[in-house]
Amino acid sequence: MNAPDAVLEFITLSLGLEPDSSGKDAIDRAVASAMRHEGLSDPQAFEKLFLSSPAVRQKLIDAVVVGETWFFRDRGPFLWLGRHALQWQAAHPGSVLKILSSPCSTGEEPYSIVMTLLAAGLPPSAFTVEGVDVSARALETAGRACYPKNAFRGNIGEDVARFFEATPSGRKVAASVLNRVTFSLENLALPGSLAGRGPYDIIFCRNLLIYMTPEARLRIFDRMDQLLVPGGILFAGHTETNFWHQRGYQLLPWDRAFALAKPVTPAQPVAIKTPAPAKASIEISSPKKRVQTKETTASSPNTGLAQTPTAELRQPVKAGPAHDHFNEPQADAQIREARRLADSGDMKGAARLCREYTRKFGPAAEAYCLMGILSMAGQDLNGAEDCFLKALYLDPGHYESLVHISLIYRQKGNEKKAALYRERAERTAAARK
């Protein structure tokens, strides 16, 4: 079978993945498995379900992303991390070293980072480690932090073996390491990912770009570059270092570390061929996921929005439909009031209510769509485009957003994208008849 158009569009536009990055026919196999799981045999029926259900889309993400990793993968980056961290600490007394692992997959990399720093002699208060990934299933594994034999390749060494506890189910990461990592669900290929986070002194972004489309690689570069401090260190996959070097990053002579430094001052990138304009992308702005500790209770599995004042490990919870909260009268009323203000000409008041809505109830297609309309009214086409794309990530079949973004691309002279979204709007309207 061939995957439905809506699925392929989602994979390439929203996730930024090359269709065959997970292996030939991997997407078709994932769709076939998802259809069996949902009890469907008609691809069109599955496409309609896929467009309407965030949970189904998330399951497909979990199925198609490549998550192969293990503890202390490649060794070199971690050997150099321990040495560099000590030098950094000496040069920045009293400061906290901030590290990002993106993507973090099932958690082996961020836990390896923490173990490396503790083994090097850094006190726990001297650093923070954050792990982000687009796969909810991978983050659930990271939260459990109990790993089978295939998560270990070779001898991990006595200096870090003390950070594991033997259990009947495998090796469990010790609490002293668990408490130093924060996990969250993020789609790095989309604009606005990791909003409000950073800056970071060190970023691990290894073996991600090799799976991405050229347009998505540039979006990821822009985001990582914004998040990394000048002079900060980026660890890449060994086949990816040239990509970063071409954009002004300085290769470091650290054997087998595949490390680069961000220029302290803006560098003139090496002349490279610029890919075609980026295809449409949709932001995922998922909040950090929290779980219960000895002192707190788990956040709601529907939104993951509960805030728990704890330093314990914050693990992901299963994400429910992003728009479920529209059943809540308070949420519904706030959107209606925002629309009323917009209709009466109070654009600033309507925008304020939309922003309050997303903070209070979480991301929702209706809120982002209204913000897009407000941006259009203010002649901010780029801001409107971003809002409508966010709405379409949350609800790929959101008809109003599809129509508006088609008009935006038409105004920008991008007839190809305008036609793409116009056709999606027509398919959505036909499916609802």
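Thresholds, definitions, all that
- Residues numbered from 1 in each chain as written.
- Predicted model: local features only at pLDDT ≥ 70, side-chain atom pairs only at ≥ 80, totals over all residues.
- Heavy atoms only, no water.
- Helix = DSSP H or I, 4+ residues; strand = E, 2+ residues; numbered from the N terminus.
- Buried < 20%, exposed > 50% of the residue type's maximum accessible area, 1.4 Å probe, protein only.
- Contact = heavy atoms within 4.5 Å.
- Areas by Shrake-Rupley, 256 points an atom, 1.4 Å probe, with all protein chains shown as cover.
- Phe/Tyr/Trp six-rings, centres within 6.5 Å; stacked < 30°, edge-to-face > 60°.
- Lys NZ or Arg CZ within 6 Å of the ring centre and 35° of its normal.
- Pairing = 2+ DSSP bridges.
- Axes fitted to C-alpha atoms, helices over the stretch in contact; angles between N-to-C directions.
- Expected span 1.5 Å × (residues − 1).
- 1 Å grid on protein atoms, 1.4 Å probe; cavity = no way out; pocket = protein on both sides within 12 Å on 5 of 7 lines; lining within 4 Å.
- Points joined across faces, edges and corners; volume = space filled by probe spheres on them.
- Nonpolar A, V, L, I, M, F, W, Y, C, P; charged D, E, K, R; others polar.
- Salt bridge = Lys/Arg side-chain N within 4 Å of Asp/Glu carboxyl O.

A. Representation of the overall build of the chain. Along the chain, the regular secondary structure elements total 17 helices and 10 strands. Buried residues in the chain amount to 53% of all 433 residues. Within the chain, contacts between residues at least 6 apart in sequence are counted, and of these 70% link residues at least 24 apart. For the chain, the accessible surface area stands at approximately 19900 Å², while carbon and sulfur atoms represent 52% of it.

B. Structural view of the packing of aromatic side chains. Applying the stated criterion to the full structure yields 19 aromatic pairs. Taking the centre distance of 5.9 Å and the plane angle of 85 degrees together, the rings of Phe-243 and Trp-244 count as edge-to-face. A single burial state applies to Phe-243 and to Trp-244, both of which are buried. In this structure an aromatic cluster arises from ring pairing among Phe-71, Tyr-111, Tyr-147, Phe-152, Phe-164 and Phe-183. Residue placement shows Arg-83 over the ring face of Trp-80; its charged tip is 4.7 Å from the ring centre. One cation-aromatic arrangement involves Arg-247 over Phe-243; the distance from NZ or CZ to the ring centre is 3.9 Å.

C. Seen up close, the sheet that holds strand 2 (residues 127-133). If you walk across this open sheet you meet the seven strands as 6-2-1-7-8-10-9, and the pairing is mixed. Only two strands of the sheet have a single neighbouring strand rather than two, namely strand 6 (181-185) and strand 9 (250-251). Relative to strand 2, strand 1 (residues 97-101) is paired through five bridges, and the arrangement is parallel. Opposite Lys-98, over in strand 2, you have Thr-128 as the bridge partner. Against the sheet, helix 5 (residues 76-91) engages strand 1, strand 7 (200-205) and strand 8 (228-236), with an angle of about 175 degrees to strand 7.

D. Quick look at the environment of Arg-217. Structurally, Arg-217 can be placed in helix 10 (residues 214-227). Put simply, Arg-217 and Phe-243 are 26 residues apart on the chain and 9.1 Å apart in space, counted from C-alpha to C-alpha.

E. Representation of the pairing of strand 5 (residues 170-173) in the model. Pairing between strand 3 (residues 146-147) and strand 5: two bridges, direction antiparallel. Directly across from Cys-146, in strand 5, lies its bridge partner Lys-172. In this structure, strand 4 (residues 164-167) lies alongside strand 5, joined through four bridges in antiparallel fashion. Residue pairing for strand 5: Glu-165 is matched across the bridge by Lys-172. A loop of two residues connects strand 4 with strand 5, the two strands running antiparallel in sequence.

F. Helix 6 (residues 108-120), seen in detail. The end-to-end C-alpha distance of helix 6, which contains 13 residues, comes to 18 Å, matching closely the 18 Å that a straight helix rising 1.5 Å per residue would cover. Two residues or fewer after helix 6 comes Gly-121, characterised by a positive phi angle close to 110 degrees.

G. Expanded view of empty space enclosed by the protein. What the rule picks out here adds up to two cavities of 30 Å³ or more. Within this model, the second largest cavity holds a volume of roughly 80 Å³. If you go around the second largest cavity, you meet 11 residues; those closest to its centre are Glu-9, Phe-10, Ser-14, Pro-396 and Arg-424. Looking at the lining of the second largest cavity, the elements that each hand over two or more residues are helix 1 (5-14) and helix 3 (43-52). Partitioning the lining of the second largest cavity into residue classes produces eight nonpolar, one polar and two charged.

H. Representation of the pattern of salt bridges within the structure. The final tally for this structure, using the stated rule, is 13 salt bridges. One salt bridge in this structure joins Arg-427 and Glu-9, with 3.5 Å as the shortest N-O distance. With Arg-427 in helix 17 (residues 415-431) and Glu-9 in helix 1, the pair connects residues that are 418 residues apart, well separated along the chain. With a relative accessible area of 32%, Arg-427 lands in the partly exposed category. According to the relative accessible area criterion, Glu-9 is buried, its value standing at 14%. The residue Arg-352 makes a salt bridge to Glu-356 at a minimum N-O spacing of 3.2 Å. Of this pair, Arg-352 and Glu-356 both sit in helix 13 (residues 347-361), four residues apart, roughly one helical turn. Through salt bridges with shared partners, a single network forms among Glu-9, Arg-424 and Arg-427.

Purely geometric numbers; function is a separate question.
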